[in-house]
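The chain contents come next:
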Amino acid sequence: MGTAHARHYRKMPEVELSFFEKSIERSEAFSHQWQCSPATTVDDLIASSDIVDICLPTDLHHDLGLRAISAGRAVFIEKPLARTLQECADLINAASVAQVPLMTGQVVRFFPEFKRTHQLVVEGAVGKPAAARMRRGGGQPKGEGMWFRDYERSGGVLLDLAVHDFDWLRWTLGEVTLVYSRSLGITRGSGPDYALTTLSFASGAVAHVESTWMDPSGFRVAVEVAGSEGILEYDSRLTPSLRTHTAIDGIGKTVPEANFAPEDDPYFQELSAFVNAVQTGSEPPVTGYDGAMAVSIALAALESAKTGLAVPPSAV
């Protein structure tokens, strides 16, 4: 993620990029690739920066986030915001006291198909939303020291991957009241993970979320939202853009959405939105609270997968 973020920061003329990487070999390669200077220590990086962007394993977000916030820096933290809900609350409270911006990297909100689907649902294109179905996943990620496979560090597929869908669904359909999940990884205690999760919403809607690190055929995402007046659907393997289905005079009609400009990269949109929020003093488009609530839903799913019970998300 550090590489992905650097690629887009380099497109912003107002941004001067610096970084810290503990591996000398990787630091030299990163510096050469992005033409930026490495900091000697994390504290030096924080002291010399206006914005600190944290692209570390999940269990390290809390400590470095608090260090940057205590120094008065605006902080962007890749999803999930933190490993536990208490850690999320610590970050939110610290940012509030220090009066510094805090944003979570829930980038799915910025993908054009998902952004457009959200807009259409909110505008009433499908009438009253009743049900949603989302699918996300591919092969098993590894990470340094295979940290993704250490569920105590990553939270497995539910916290690391499904957190994207949990955030998007809450953003689109409202607050979640109950979570029921089954997870192969949680059941076995280790190894590749596949999970199915059902969410109930205060609005009465329900959602089904499929999350996998067991698909060798490559990464795939899909979303479907059905309501009283129609259905929206997108599948990255089947359709090049979002398609809308509505009933007109009793006849099903399919209307392809306009193609999205290739320069509208979601990571660029996400990071530039945070830079703009810092520059203008406005609220980030994805707040620390948003990130914490996505974590709360994911942790409820983990608890449900362990106990076999439906679990309500905890308040932040």
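Residues numbered from 1 in each chain as written. Predicted model: local features only at pLDDT ≥ 70, side-chain atom pairs only at ≥ 80, totals over all residues. Heavy atoms only, no water.

Draft legend 1. Structural context of the packing of helix H4 (residues 61-70) against helix H5 (residues 85-98). With their axes 10 Å apart at the nearest point, H4 and H5 run at an angle of 5° to one another. Taken together, the axes of H4 and H5 lie roughly parallel to each other. Across the interface between the two elements, His61, His62, Gly65, Leu66 and Ile69 of H4 pack against Glu87, Asp90, Leu91, Ala94, Ala95 and Ala98 of H5. Residue classes in the contact of H4 with H5 are distributed as 6 nonpolar, 3 polar and 2 charged. (Axes fitted to C-alpha atoms, helices over the stretch in contact; angles between N-to-C directions. Helix = DSSP H or I, 4+ residues; strand = E, 2+ residues; numbered from the N terminus. Parallel < 35°, antiparallel > 145°, perpendicular 65-115°, else oblique. Contact = heavy atoms within 4.5 Å. Nonpolar A, V, L, I, M, F, W, Y, C, P; charged D, E, K, R; others polar.)

Draft legend 2. Summary view of the layout of surface pockets. In this model, the second largest pocket occupies a volume close to 280 Å³. Forming the walls of the second largest pocket are 13 residues, and the residues nearest its centre are Arg109, Phe110, Pro112, Lys115 and Gln269. Considering each element in turn, the lining of the second largest pocket owes the most residues, 5 residues, to helix H6 (residues 112-123). (1 Å grid on protein atoms, 1.4 Å probe; cavity = no way out; pocket = protein on both sides within 12 Å on 5 of 7 lines; lining within 4 Å. Points joined across faces, edges and corners; volume = space filled by probe spheres on them.)

Draft legend 3. Structural context of the pattern of salt bridges. Under the defined criterion, the tally for this structure stands at 15 salt bridges. Arg109 is the partner of Asp167 in a salt bridge, and the nearest nitrogen-oxygen pair spans 2.8 Å. Separated by 58 residues along the polypeptide, Asp167 in helix H9 (residues 162-173) and Arg109 in the loop between strand S5 (102-105) and H6 bring together distant segments of the chain. By relative accessible area, Arg109 is classed as buried at 7%. Overlapping salt bridges, with partners in common, bring together Arg109, Asp167, Arg170, Glu175 and Asp290 in one network. (Salt bridge = Lys/Arg side-chain N within 4 Å of Asp/Glu carboxyl O. Buried < 20%, exposed > 50% of the residue type's maximum accessible area, 1.4 Å probe, protein only.)

Draft legend 4. Fine view of the sheet that holds strand S4 (residues 74-78). The parallel open sheet is built from 3 strands, whose spatial order is S3-S4-S5. One side of each edge strand has no neighbouring strand; the edge strands of this open sheet are strand S3 (51-54) and S5. Each strand of the sheet is rotated relative to its neighbour by a mean of 15°, with strand direction disregarded. The sheet contact formed by S3 and S4 spans 4 bridges and is parallel. Looking across to S4, one finds that Ile54 is bridged to Ile77. (Pairing = 2+ DSSP bridges.)

Draft legend 5. Just the packing of aromatic side chains, in detail. Taken as a whole, this structure holds 7 aromatic pairs when the rule is applied. Every member of this aromatic cluster is reached through a ring pair, and the members are Phe114, Trp168 and Tyr234. The ring of Phe114 is capped by Arg136, whose NZ or CZ atom sits 5.5 Å from the centre of that ring. (Phe/Tyr/Trp six-rings, centres within 6.5 Å; stacked < 30°, edge-to-face > 60°. Lys NZ or Arg CZ within 6 Å of the ring centre and 35° of its normal.)

Draft legend 6. Broad picture of the nonpolar core. One finds Phe166, Leu169 and Leu199 to be the most contacted residues of the largest nonpolar core, which totals 60 residues. The greatest single-element share of this core, amounting to 8 residues, is contributed by helix H12 (residues 288-307). Setting aside residues no more than four positions away along its own chain, Leu199 makes contact with Phe166, Leu169, Val176, Leu178, Val179, Ala205, Val206, Ala207 and Ile297. Grouped together as the second largest cluster of nonpolar side chains are 16 residues, Leu17, Phe76, Phe110 and Phe274 included. (Core = buried A, V, L, I, M, F, W, Y, C linked by side-chain atoms within 4.5 Å.)

Draft legend 7. Quick look at the environment of Leu196. Residue placement: Leu196 occurs in strand S8 (residues 194-201). Through-space distance from the C-alpha of Leu196 to that of Ile54 is 29 Å; in sequence the pair is 142 residues apart. Ignoring anything within four residues of it in the chain, the contact list for Leu196 reads Tyr180, Ser181, Arg182, His208, Val209 and Glu210.

Draft legend 8. Spatial organisation of the environment of Leu64. The topology assignment puts Leu64 in helix H4. Distance from Leu64 to Val75, taken between C-alpha atoms, is 9.8 Å for residues 11 residues apart in sequence. For Leu64, the residues in contact, after removing those within four places along its chain, are Val42, Ile46, Ile54 and Leu56.

Draft legend 9. Molecular detail of the side chain of His8. Within the fold, His8 resides in helix H1 (residues 2-9). In contact with His8, other than residues within four places in its own chain, are Asp265, Tyr267, Phe268 and Leu271.

Draft legend 10. Examining the pairing of strand S9 (residues 206-212) more closely. Relative to S9, strand S6 (residues 129-137) is paired through 7 bridges, and the arrangement is parallel. Note that in S9 the partner of Gly137 across the bridge is Thr212. Here S8 runs beside S9; their pairing, made up of 7 bridges, is antiparallel. Bridged to Thr197 within S9 is Val209. With antiparallel pairing between neighbouring strands as the criterion, S8 and S9 make up a hairpin whose turn holds 4 residues, including Gly204 at a positive phi of roughly 105°.

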